[in-house]
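A look at the structure
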Amino acid sequence: MTASVPRIISLEDIDNQAVGGKAFGLARLQSMGLDVPAAFVLSHARRDDYPVELEQQFQGLGAGPVAVRSSAAGEDGADASFAGQYESVLNVEGMDALKAAINHCVECAGSDRADSYRQAREQADEGAMHLVIQSMVDARCAGVVFTADPVSARRDVAVVDVVAGLGEALVSGEATPDHYEIDAEGVVLLAQKASPDALLSDDELKKIVAEARSASAVEGVPLDLEWAIDQAGHLFWLQARPITTLPADLNEFDTPLPRPDDVLTISNVSEMMPGAVCPLTGSFTGWSIDYGLQHMQVTIGARERIDRNWQITAWAFGHLFLNLTGNIVMASGVLGSTAEQTAQTLCGRIVPELKELPAQPLWRQVGNTLRLLRYAFKAPKVVDNFGEELAQFRIPQRDSSAAQWAELAPRLTFFEHAMAVHIQSSALSGFLSSIVENMVSGRANDSTAQEQGEAVRLLAGATEVESAVMLEQLDELVALVAQHPDAQSEFAQRSPADALSWLRQQEPLSGSLQRFLQQHGHRGYRELCMRDPAWVDDPEPLVQSMQAAVTARLKGAAPQAARTPEIDWAGLSRGLRWALPKAHNAIRRREHTKSQLVDVAHRYKCAFRRLGGLLETEGALPEADLVFFFSVDELRRFVAAPNPEAVEQARLRREALAFQQRLSFGEIAVGHPQPIQAAVTQSSDGKLQGRPASSGSVEGTVRVAHTLAEAAELQAGEILVTPITDIGWTPYFSMIGGLVTDLGSSVSHGAVIAREYGLPCVVNTLNGTLQLKTGDRVRVDGDSGSVELLSR
């Protein structure tokens with residue numbers, strides 16, 4: 001086969017990547033009407049072999065110097081950039097220098113560095129070196145712009161780096177740039193300037209970002225572009241290539257808001273689902289929460305119908321939120337319910353950003369209020385009926401993915417039903433708890449911290465709460481382990497996996513563990529997440545918490561014992577004597593339906609996990625875990641017709657989840673939530689003020705824990721300071737001295753368990769995990785809701 005000869009190609013004649021990604025990128029930019037310095041391409045360049053028209057084309061670029069840059073096959077493509085693997089020659093003047101530069105670039109194509117890169121990327125040597133010969137820009141400043149942040153993977157953030165003069169100093173790392181991060185609305189989120197004077201004006205920065213984003217929109221992919229501004233202030237584009245290291249779009253599954261200025265919160269929902277969730281969990285669990293809340297509003301008449309578009313929850317950057325504005329649709333439709341009351345129930349405080357919606361006509365409010373009372377007080381019967389339904393609910397196992405999906409598909413709506421039952425149970429509990437608080441204060445929705453503390457003390461009289469009973473049983477198991485003569489060497493000091501293996505070989509410890517898992521094994525961390533295993537599926541997180549508790553026992557620490565505060569029933573008002581027992585029953589019922597809901601969720605987890613395993617066995621998925629990175633609707637289509645494009649997208653979504661998990665959000669967002677860089681704001685008097693959730697006062701050493709892995713370091717008597725707790729944190733409650741959370745309310749999981757164990761608890765401090773550090777000594781006052789820093 002005859003080798004291709006070197007020839008000249010104009011940018012206008014390039015419509016594919018046959019002459020390399022760099023040349024194609026410039027041609028695309030020029031076709032969009034963006035300013036590109038005059039250039040041509042020397043295709044199939046070879047040493048000492050030049051087309052006869054080379055000099056004419058060179059002279060056509062003008063009298064100034066040129067740059068000779070590689071545009072090798074595979075370079076600057078969608079899969080690999082080859083950044084820095086080939087060399088460029090700048091400020092080339094005259095034909096002799098041009099030929100020398102061409103020879104140098106050709107030789108670089110066969111360098112060990114380039115060969116090593118190709119091998120690492122598993123790319124063949126295509127053998128063809130194409131060169132872009134382009135007029136140099138007399139640059140006042142130059143730099144790069146990424147239309148997606150390559151560090152955070154946020155596609156709504158553009159990143160601009162700029163240095164004085166040519167951009168090669170930036171690419172080589174020889175110069176520290178001015179750095180800008182700009183959001184989708186054009187707001188500068190971050191400006192870090194290394195130079196004494198700004199290198200870019202505001203207008204220049206906006207123009208760079210606007211033109212780069214327009215190019216990215218045309219190409220349909222995030223781009224990495226190089227640019228320069230000449231001495232006259234003219235912007236030129238020098239290079240464009242796809243960003244090759246991004247995962248899937250972090251906002252791929254964002255749900256639109258019903259109203260652009262809706263007020264959202266991470267409170268409450270973060271207790272059930274802290275952090276980012278996989279697509280299957282978002283589309284299944286997230287939607288089911290929305291369904292259950294809409295079901296309540298439709299039942300009482302505040303909403304006409306259930307809308308398949310999310311109305312009361314939201315999904316953004318992979319995180320789930322409650323839509324407070326969607327929640328107060330009910331407040332506008334019933335008597336005596338306000339935005340303030342809704343905020344207090346869900347966030348533990350008044351939210352000034354949340355405004356009342358226009359009230360429905362009085363006659364409708366009266367009717368809706370009656371329906372709301374009927375809805376709430378029917379909860380006991382609904383819960384009893386659901387228990388019978390749950391006893392009959394099964395998802396049979398099948399031996400093929402198609403057959404397994406055929407069993408799953410018609411049963412998916414049972415989870416929506418389970419969620420609706422739990423929300424109805426919670427509504428009665430919240431309603432009666434509010435009545436108790438109002439009776440204590442004598443005012444509606446306007447109680448002081450002390451009055452809130454007294455209401456909390458009275459509500460703590462609810463005995464036999466399921467989650468607290470579970471902890472008592474776990475404490476008994478811990479006590480048995482601690483009594484074993486080898487507890488220290490074979491359990492406490494081993495890895496969780498080895499400790500679990502030892503535990504399963506010891507009787508009667510093995511039997512006690514098995515009985516505990518039979519009763520409570522469906523619980524666990526992020527227990528409504530379809531991907532996170534329950535304790536029965538992976539007991540190691542449970543064992544890790546047991547190891548901390550056993551270590552404390554062996555050091556002589558006495559466990560916290562559940563205790564019910566004494567209530568002077570004769571001293572209570574007649575109204576409280578009526579309401580309080582009903583509130584206690586409602587608390588027990590709500591915790592029971594939460595356990596039932598998690599039980600249902602666990603059955604779906606097992607079914608989805610089995611489906612993933614079958615898809616892997618059948619060769620449709622390379623890993624069973626990827627099943628969790630499809631939405632429910634996508635999974636329906638994929639089981640029917642597997643395809644490699646969907647598998648690759650699932651893989652990229654799994655990569656995206658790690659980036660989403662790193663994002664944090666403020667408690668309240670108006671409009672679409674945006675990640676924040678949390679700032680520490682110290683209180684002037686060394687006190688944090690939150691909401692009292694469990695009475696009593698305690699002094700102790702702080703242990704800040706954002707994850708269960710960090711919680712494993714807890715020592716007996718320490719004050720646990722954490723963003724929020726779910727049932728997965730429960731095993732630690734028997735050894736801590738008190739609890740402080742950033743989020744939550746008096747009915748949050750942590751508050752309920754803290755009350756059962758008499759642990760002083762303050763919730764909704766907003767930034768306790770930022771202001772306090774592990775090792776600080778604090779006083780926690782669960783009666784006033786304050787946390788006082790005593791010493792660092």
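Since this is a predicted model, take the numbers as computed values, not measurements. (Residues numbered from 1 in each chain as written. Predicted model: local features only at pLDDT ≥ 70, side-chain atom pairs only at ≥ 80, totals over all residues. Heavy atoms only, no water.)

**A short note on the sheet that holds strand 1 (residues 7–10)**
Here is the rule we go by: Paired strands, in this sense, are two strands between which DSSP finds at least two bridges. Only DSSP runs of H or I reaching four residues or more are called helices, and only runs of E reaching two or more are called strands; each is numbered from the N terminus. Think of each axis as a best-fit line through the C-alpha atoms, taken over the contacting stretch in the case of a helix, with angles from 0 to 180 degrees between the N-to-C directions. We call two residues in contact whenever any of their non-hydrogen atoms come within 4.5 Å of each other.
A sheet is described by the order of its strands in space; here five strands give the open sequence 1-2-5-3-4, paired in antiparallel fashion. Two strands bound the open sheet, and with one partner strand each, they are strand 1 and strand 4 (89–92). Strand-to-strand, the axes of this sheet are offset by a mean angle of 25 degrees, without reference to chain direction. On top of the sheet, helix 1 (residues 21–31) reaches strand 2 (39–43), strand 3 (66–70) and strand 5 (131–135); it is set at about 45 degrees to strand 5, its chief contact. Each of strand 2, strand 3, strand 4 and strand 5 is contacted by helix 3 (residues 95–108), which is oriented at about 175 degrees to strand 4, the strand it contacts most.

**Section: the confidence of the model for the protein**
The following threshold applies: Values of pLDDT, ranging from 0 to 100, describe the predictor's confidence in every residue of the model.
Scored by pLDDT, the protein comes out at a mean of 88, with 91% of its residues at no less than 70. Low pLDDT, under 50, characterises residues 76–85; the predicted model gives this stretch 35 contacts beyond four residues in sequence or across chains. Within the model, the stretch residues 112–126 combines pLDDT values under 50 with 25 contacts to residues more than four positions away or in other chains.

**Here we look at the environment of Gln 547**
So the rule is basically this: The rule is simple: take the accessible area with a 1.4 Å probe, protein chains only, and divide by the maximum for that residue type; under 20% is buried, over 50% is exposed, in between is partly exposed. Under this definition, polar contacts are N or O atom pairs within 3.5 Å; protein pairs additionally need one hydrogen-donor-capable and one acceptor-capable atom, and for neighbouring residues in sequence, both atoms have to be side-chain atoms.
Relative to the helices and strands, Gln 547 resides in helix 20 (residues 540–554). You can call Gln 547 buried: its relative accessible area is 7%. As for Gln 547 and Ala 492, which are separated by 55 residues in sequence, their C-alpha atoms are 4.9 Å apart. When neighbours within four sequence positions are excluded, Gln 547 is seen to be in contact with Phe 491, Ala 492, Arg 494, Ser 495, Pro 496 and Ala 499. Of the polar contacts made by the side chain of Gln 547, one reaches the backbone oxygen of Phe 491; its length is 2.8 Å.

**Here's the deal with the sheet that holds strand 8 (residues 178–182)**
Taken together, the six strands give an open sheet; going across it, the order is 9-8-7-6-10-11, and neighbouring strands pair in antiparallel fashion. Every other strand in the sheet has two partners, leaving strand 9 (188–192) and strand 11 (235–242) as the edge strands with one partner each. On average, each strand axis in the sheet is tilted by 15 degrees relative to the strand beside it, whichever way the strands run. Relative to strand 8, strand 7 (residues 158–164) is paired through five bridges, and the arrangement is antiparallel. Bridge pairing in strand 8 places Val 160 opposite Tyr 180.

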